[in-house]
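Working through the structure, step by step
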Amino acid sequence: MKMLIDFFPIAIFFLVYQLTKDIVLATAVLIPATIAQVLFTWWRFRKIEKMHLVTLALVVVLGGATVIFQNGDFIKWKPTIVNWLFGVAFLLSPLIGGKPLIQRMMEKNLSLPAPVWMRLNLAWVAFFMVLGAVNIFVFKTYSEETWVDFKLFGMMGLTILFILIQGVYLARHMKDPQHNTTDSGE
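Everything numeric in this text was worked out from a predicted model, so none of it was measured. (Residues numbered from 1 in each chain as written. Predicted model: local features only at pLDDT ≥ 70, side-chain atom pairs only at ≥ 80, totals over all residues. Heavy atoms only, no water.)

**Regarding the nonpolar core**
Inclusion rule: Take the buried Ala, Val, Leu, Ile, Met, Phe, Trp, Tyr and Cys residues and link them wherever side-chain atoms come within 4.5 Å; each set so joined is a nonpolar core. Accessibility here uses a 1.4 Å probe with only protein chains present; expressed as a share of the type maximum, an area under 20% marks a residue as buried, one over 50% as exposed, and anything in between as partly exposed. Each helix is a run of DSSP H or I of at least 4 residues and each strand a run of E of at least 2, with the numbering of both proceeding from the N terminus. Residues count as neighbours in contact if any of their non-hydrogen atoms are within 4.5 Å of one another.
Grouped together as the largest cluster of nonpolar side chains are 38 residues, with contacts concentrated most on F13, I23, W124 and W147. Of all the secondary structure elements, the ones that give two or more residues to this core are helix 1 (2-20), helix 2 (23-45), helix 3 (50-69), helix 4 (73-97), helix 6 (114-141) and helix 7 (144-173). Looking at this core, the element that brings in the most residues is helix 6, giving 11 residues. Setting aside chain neighbours within four positions, we find W124 in contact with F90, I102, F162, I163 and Q166.

Encoded structure:
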C-alpha cells in the first residue's frame, strides 16, 4: 500500500500529461496530488519520511515555477535535484551519523561487514548522481513526451535494475544460517 501511495503523484502527472500533452497542466495537478500524498501518509501512518518532505518542497517550488512561468523546464529539473540531494545525503551520512545511510536503513534486516556497507552506500551515491545526470541528458536531448515516459518508466526501470544488481552483490556477502550452525557444531 505504501508503494501505491508513493506512486500516486507521478501516476497522476503521467496520466494528465498523456491525456493533454500539456506539461504545465500535468504539473498543476501534480502539486495538489503530492500534497494529498503527504497528508494521507501523515493521516494513515502518523509519520512523514524526509524523502516525502524534500519531494514535496521541490514539487511545490519547481512545479510552482513551471505553472507561473508556463515553462516545463523547471519541473524537468526536479528528478535531477532530488537524486543529487539523495546522493549527497548518502555520501555525507558516515560523517554525520557515524554509519552509512544504507546501513541505517537496512541493518535491522541484514548483517554485513562495515566495508560492505560502505561499498553499498557508495554504489547508491554513484547511482543517484548518474540518474540525475541521465535525467538532464534526456530532457535536454529528447522531446518532452520522451522525457515524461523516461521519468516514469526509465527511472523506475533503472532503479529496479540497480536494486536487482544490489541483491546479487548482497547475496555474495550474506551468511547462510544453516551453514553457520553446522560449522559451530563441529
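**Some words on helix 3**
As a reminder of what qualifies: The span expected for a helix works out to 1.5 Å for each residue beyond the first.
Helix length check: helix 3, at 20 residues, gives a terminal C-alpha distance of 28 Å against a target of 28 Å (1.5 Å per residue), a fit within 8%. Every buried residue of helix 3 is accounted for by H52, T55, L56, L58, V59, L62, G63, G64, A65 and T66. Directly after helix 3, the chain includes Q70, whose backbone phi takes a positive value near 55°.

**Quick notes on helix 7**
This is how the line gets drawn: For a residue, the bend is simply the angle between two axes, fitted respectively to the seven-residue segment ending there and the seven-residue segment starting there.
Its 30 residues place the ends of helix 7 42 Å apart at the C-alpha level, agreeing with the 44 Å of an ideal helix rising 1.5 Å per residue. Taken as a whole, helix 7 carries its principal kink of about 45° at F150. Listed in full, the buried residues belonging to helix 7 are W147, V148, F150, K151, L152, M155, F162, Q166 and L170.

**Focus on the packing of helix 2 against helix 3**
Where we set the bar: Helix axes are fitted only over the stretch in contact, all axes being lines through C-alpha atoms; the angle between N-to-C directions runs from 0 to 180 degrees. For this classification, under 35 degrees means roughly parallel, over 145 means roughly antiparallel, 65 to 115 means roughly perpendicular, and everything else is oblique. Handedness of a crossing is defined here by the sense of rotation of the near helix relative to the far one, left-handed for an anticlockwise turn of less than a right angle and right-handed for a clockwise turn.
Running from N to C, helix 2 and helix 3 point in directions that differ by 155°, and their axes come no closer than 9 Å. Accordingly, the angle class assigned to the pair helix 2 and helix 3 is roughly antiparallel. Handedness of the helix 2/helix 3 crossing: left-handed. Residues V24, T27, A28, L30, I31, T34, I35, Q37 and V38 of helix 2 form the contact with helix 3, whose participating residues are H52, L56, V59, V60, G63, G64, T66 and V67.

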